[in-house]
Amino acid sequence: MSADSTPNTQSSSTRGLDRYFQISERGSSVKQEIIAGLTTFLAMVYSVIVVPSMLGAAGFNQSAVFIATCLVAAFGSLLMGLWARLPMAIGCAISLTAFTAFSLVLGQGVSIPVALGAVFLMGVLFTLITVTGIRGWIMRNMPTGIAHGTGIGIGLFLLLIAANGVGLVIKNPQAGLPVAFGHFMSLPVIMSLVGLAAILGLEKRRVPGGILLVIVAISVFGLIFDPNVKYHGFFALPTFGGEGSLIGSLDIMGALNPVILPTVLALVMTAIFDATGTIRAVAGQANLLTERGNIISGGKALTADSVSSIFAGFVGGSPAAVYIESAAGTAAGGKTGLTATTVGLLFVVMLFLAPLSYLVPAYATAPALMYVGLLMLSNVSKLDMNDSVDALSGLLCAVFIVLTGNIVTGIMLGFVSLVIGRVVSGDFKRLNIGTVIIAIALVAFYAGGWAI
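- As annotated in an unreviewed UniProt entry, the protein chain is Permease from Photobacterium carnosum.
- Looking at the protein chain in UniProt, the text filed under Subcellular location (unreviewed entry) is "Membrane".

What follows is the structure, given as structure tokens:
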């Protein structure tokens, strides 16, 4: 009797997941969503090494930051998956981590508790801006060309990040352009290029979980043949309290100091456009936009990442945001919140399996990120070249995202060029007041020297 009831129970569970996450409705399957979640997780698990290393350089306890990084990714991704029901993973933002460590703590000499208080306040302000509709208003007033341009720019940015991470593109040691071709015959470069080619072939053949298969295969190869990939163990019990713990150590009153508040505002302004642009780009790639170009459950998605920064300040992490690497999961077929939920649960498990994070080398995930970057370049076809000012402003935005390594900078230049271009062309009637206000605010943000 029990043997007969088991399949029915599994079927019922699957149907429940399907209904809650609207899996069939969005053209996916439970298996596909879980594979997508695992793909996203492997693409962003490097954060549990990078974030503690960066904050550790500023005097943070690295073990405590590791725990905080896992907790933020788990909390944010579960919130995004279970509440917003979108396939976007959240974690400690690398760019804002660098600002917190090297500008706020080391540069300005701010204590660690006050820095965490600043992160907490940033999250509170960010959430207020989101729930009051201001952030949604900004998204609605983002011109079509710049919205698509942001996706193109993030794609190029992913390509550069991945290529630089494995040494395919390096900082030019000689006079001339800032970047140069790297060491072609090095193992990371060879494996990255072979992996990318393999993904192209597997995706062409529509092999389920092709991206994940490549990541796992290259990781196994690295463990066997690369002396730099070492087995550090399997299990490690996390410590949530005691000496060095950062949970609840924030100093909110210290962060309210007039000297610190401009930094809080800079974090908020950067997060508004950086994270919003990323969410829009990932949603667009996953075809989760309405006919009017708005994100499905966009309000919940925006709130999920802003609330995650409040949580980050409390547990001892850096500001949170939707990870660009979420696009690796959507490229693997993720379309629902089950993808993000899978990522969140895996980061909970990661708390106890810290040593395993060292088994996935950069050149194992680089092919996935480069593949996603290439996919996101397809946004070029969505630009309306009949409206050249809008389209070329979008391309300007895209190019300067990668040239400056900053999403907000690209968006700012795109808005400015659009507004001035409309006026000079005599097409100023196509401008709306919201676009002009955003352009002015971005220029003031940069002219005032607050940009990160």
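Structure shown, so let's carry the discussion forward.
## Here we look at the nonpolar core
Piece 1. Counting residues in each nonpolar core, the largest one holds 135 residues, and the members touching the most others are Phe60, Met80, Phe273, Phe347 and Leu442.
Piece 2. In terms of residue count, the dominant contributor to this core is helix H12 (residues 261–285) (13 residues).
Piece 3. In this structure, phenylalanine 273 is in contact with Ile138, Ile407, Val408, Ile411, Ile438 and Leu442, ignoring residues within four places of it in sequence.

## Brief notes about the side chain of serine 219
Piece 1. Position of serine 219 among the secondary structure elements: in helix H10 (residues 210–225).
Piece 2. Residue classification places serine 219 among the buried positions, given a relative accessible area of 11%.

## Section: a nonpolar patch on the surface
Piece 1. On the surface, Val216, Val220, Leu223, Ile224, Phe225, Tyr231, Phe234, Phe235, Leu237, Val348 and Phe352 cluster together into a nonpolar patch covering about 1100 Å² of accessible area.
Piece 2. Tracing the sequence through the fold places phenylalanine 234 in the loop between H10 and helix H11 (252–255).

## A few points about the environment of isoleucine 161
Piece 1. Following the sequence through the fold, isoleucine 161 ends up in helix H8 (residues 144–165).
Piece 2. Isoleucine 161 sits in the partly exposed class, given a relative accessible area of 37%.
Piece 3. Sequence separation of isoleucine 161 and threonine 336 is 175 residues, and the distance between their C-alpha atoms is 26 Å.

Thresholds, definitions, all that
- Numbering of residues begins from 1 in every chain and follows the order in which that chain's sequence is written.
- It should be noted that, the model being predicted, local features are given only for residues of pLDDT at least 70 and side-chain atom pairs only at 80 or more, the latter also being counted only at that level, while totals for whole chains, interfaces and linings use all residues.
- Think of the side-chain values as coming from all heavy atoms in the structure, minus any hydrogens and water.
- UniProt positions are given in the numbering used here, feature names are shortened, and annotations may be inferred rather than shown by experiment.
- For the purposes of this section, nonpolar cores are sets of buried Ala, Val, Leu, Ile, Met, Phe, Trp, Tyr and Cys residues that join through side-chain atoms within 4.5 Å.
- Here's how the labels work: a residue is buried when its accessible area is under 20% of the maximum for its type, exposed when over 50%, partly exposed in between, all with a 1.4 Å probe on protein chains only.
- Note on conventions: DSSP H or I runs of at least 4 residues are helices, E runs of at least 2 residues are strands, and numbering of each starts at the N terminus.
- Residue contacts follow a heavy-atom distance rule, with two residues in contact if any of their heavy atoms lie within 4.5 Å.
- Each patch groups residues whose relative accessible area exceeds 30% and which form no salt bridge, using 9 Å between like charges and 5 Å between nonpolar side chains of Val, Leu, Ile, Met, Phe, Trp and Tyr.
- The accessible surface values rely on the Shrake-Rupley method and a 1.4 Å probe; as for residues, cover is taken only from the protein chains in view.
- By convention in these notes, a salt bridge is any Lys or Arg side-chain nitrogen within 4 Å of a carboxyl oxygen on Asp or Glu.

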